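Examination of the molecular architecture
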Amino acid sequence: MIFAIATVVILGGASLIGLGMQADSGGAGGGVLPRALTFGVDPAPSAAPTPTGPSPEELAARERAKRVKALDAALKKLDATSPEFSVAVLDKKTGQRYSYRGTEKYDTASIVKVQVLACALLRAQDAGRDLTATELSLAKPMIRLSDNNATTALFTRIGKVAAVTKCNKRLGLTQTKVSNSWGLTRTTVDDQVKLLAELVDTRGPLDAGSRKLAFTLMNTVDDAQDWGVPAIAKAGETTTVKNGWDTRSADGGLWAVNTVGRVTAGDDVNVSVAVLSHNNKSMDGGITLVQKVAKLTRQHLRY
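I will try to describe carefully the structure that is included in this document. (Residues numbered from 1 in each chain as written. Predicted model: local features only at pLDDT ≥ 70, side-chain atom pairs only at ≥ 80, totals over all residues. Heavy atoms only, no water.)

Right, let's talk about the overall build of the protein for a bit. Helix and strand content of the protein: 9 helices and 7 strands. Intrachain contacts of the protein at a sequence separation of at least 6 include 62% that bridge at least 24 residues. Here the protein has roughly 16,300 Å² of accessible surface; of this, 56% comes from carbon and sulfur atoms. (Helix = DSSP H or I, 4+ residues; strand = E, 2+ residues; numbered from the N terminus. Contact = heavy atoms within 4.5 Å. Areas by Shrake-Rupley, 256 points an atom, 1.4 Å probe, with all protein chains shown as cover.)

Here is the structure:
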């Protein structure tokens, strides 16, 4: 009698388990046992989420910050033993800018001739025409040979200080003060890389014809003046440049030596560079300095 009752209980339990599995399965079979029938064993815990880590953009920003810090240190070290200089780099490919003493004003010397050219081109555009034969005959030696007489003639022709000042506003130059003695115009490297960028900006004030002429002239300067920014170019890259140099008794016979220009290589490199310096003991010393500064920017920023 006792044996018969035990058999019924066991069989009844089996029936209950079977009914529970069927009810939990939603009719699809293989249901989950109720907690009361799992004999106190908890289900396996779910895996913890995997940390995502920094994004590619964050990693790139960190790397950029390291490069900028290293460049700052290198320029400060050079600065301790050299005449004063400033430098700016504008990378059109990435939109990144760098400047060292970016708002410090220096005499332009002959780099102002790029402004004169840009303003002459805008003046012609406003009149719905290209440069006249006379204007072109002045612009070519002004840029390619850094001819001072040609510059004075074109500067006068386009309206001198008032016209160039008005033109500078259209070009976004906010830190440049034009002088009647055009070589004594004061500017900053930040303004100069803006100007260089406007010479190639398809959305800027200069039309396609003006941009092409500016490129052609600055890409074909006389060999004796092909220094400065071109010194940082690698094989196969294209450069444009305008250099400036001047010495004055007011500066104790010391030299202002400047270089502005661009380096491009297809879709890989598209950079504007400006280096300004003064108080150099010689023109050659100034050239060595501005080229060294420009090379340091390329070495550290890796453009």
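This brings us to the sheet that holds strand 6 (residues 255-265). What links the strands of a sheet is backbone hydrogen bonding, and the strands pair in either a parallel or an antiparallel sense. Strand order in this open sheet of 5 strands is 2-1-7-6-5, and the pairing throughout is antiparallel. Only two strands of the sheet have a single neighbouring strand rather than two, namely strand 2 (97-100) and strand 5 (238-247). Here the strands of the sheet are splayed against their neighbours by 5 degrees on average, with no regard to which way each runs. Both strand 1 (residues 85-91) and strand 7 (residues 269-277) contribute to a ladder of 7 bridges, which runs antiparallel. (Pairing = 2+ DSSP bridges. Axes fitted to C-alpha atoms, helices over the stretch in contact; angles between N-to-C directions.)

With that settled, the discussion passes to the pairing of strand 2. Going residue by residue along strand 2, you find Tyr 98 and Tyr 100 tucked away on one face and Arg 97 and Ser 99 left uncovered on the opposite face. The sheet contact formed by strand 1 and strand 2 spans 4 bridges and is antiparallel. Opposite Val 87, over in strand 2, you have Tyr 100 as the bridge partner. Linking strand 1 to strand 2, which pair antiparallel, is a turn of 5 residues; within it Gly 95 sits at a positive phi near 80 degrees. (Buried < 20%, exposed > 50% of the residue type's maximum accessible area, 1.4 Å probe, protein only.)

Looking now at the nonpolar core. Of all hydrophobic cores here, the largest spans 42 residues; its most connected members are Leu 117, Met 142, Leu 154, Ile 158, Leu 171 and Leu 199. Those elements that place two or more of their residues in this core are strand 1, helix 3 (112-126), helix 4 (133-144), helix 5 (148-157), helix 6 (160-170), helix 7 (189-198), helix 8 (208-218) and strand 7. Per-element tally for this core: the top contributor is helix 3, with 10 residues. Counting residues in hydrophobic clusters, the runner-up holds 29 residues, among them Leu 71, Tyr 100, Ile 232 and Val 273. (Core = buried A, V, L, I, M, F, W, Y, C linked by side-chain atoms within 4.5 Å.)

All right, on to the pattern of salt bridges then. Across all of its chains, the model carries 12 salt bridges by this definition. The closest approach of N and O atoms between Arg 248 and Asp 107, which form a salt bridge, is 3.1 Å. Taken as a pair, Arg 248 in the loop between strand 5 and strand 6 and Asp 107 in strand 3 (residues 106-107) lie far apart in primary sequence, 141 residues in all. Assessed through its relative accessible area of 27%, Arg 248 is described here as partly exposed. Among the ionic pairs, Asp 126 bridges to Arg 170, the shortest N-O distance being 2.7 Å. Of the two residues, Asp 126 sits in helix 3 while Arg 170 sits in helix 6, which places them 44 residues apart along the sequence. (Salt bridge = Lys/Arg side-chain N within 4 Å of Asp/Glu carboxyl O.)

Taken as a whole and judged by the stated rule, the model has 1 disulfide. Each sulfur in the disulfide pair Cys 119 and Cys 167 lies 2.2 Å from the other. Across the S-S bond linking Cys 119 and Cys 167, the dihedral sits near -95 degrees, which makes this disulfide left-handed. Taken together, the positions of Cys 119 in helix 3 and Cys 167 in helix 6 put the pair 48 residues apart, joining distant regions of the chain. Its relative accessible area of 5% is what places Cys 119 among the buried residues. (Disulfide = S-S within 2.5 Å.)

Between its first and last C-alpha atoms helix 3 spans 21 Å; for 15 residues at 1.5 Å apiece the expected length is 21 Å, and the two agree. The element helix 3 is extensively covered by neighbouring structure, given that 13 of its 15 residues are classed as buried. (Expected span 1.5 Å × (residues − 1).)

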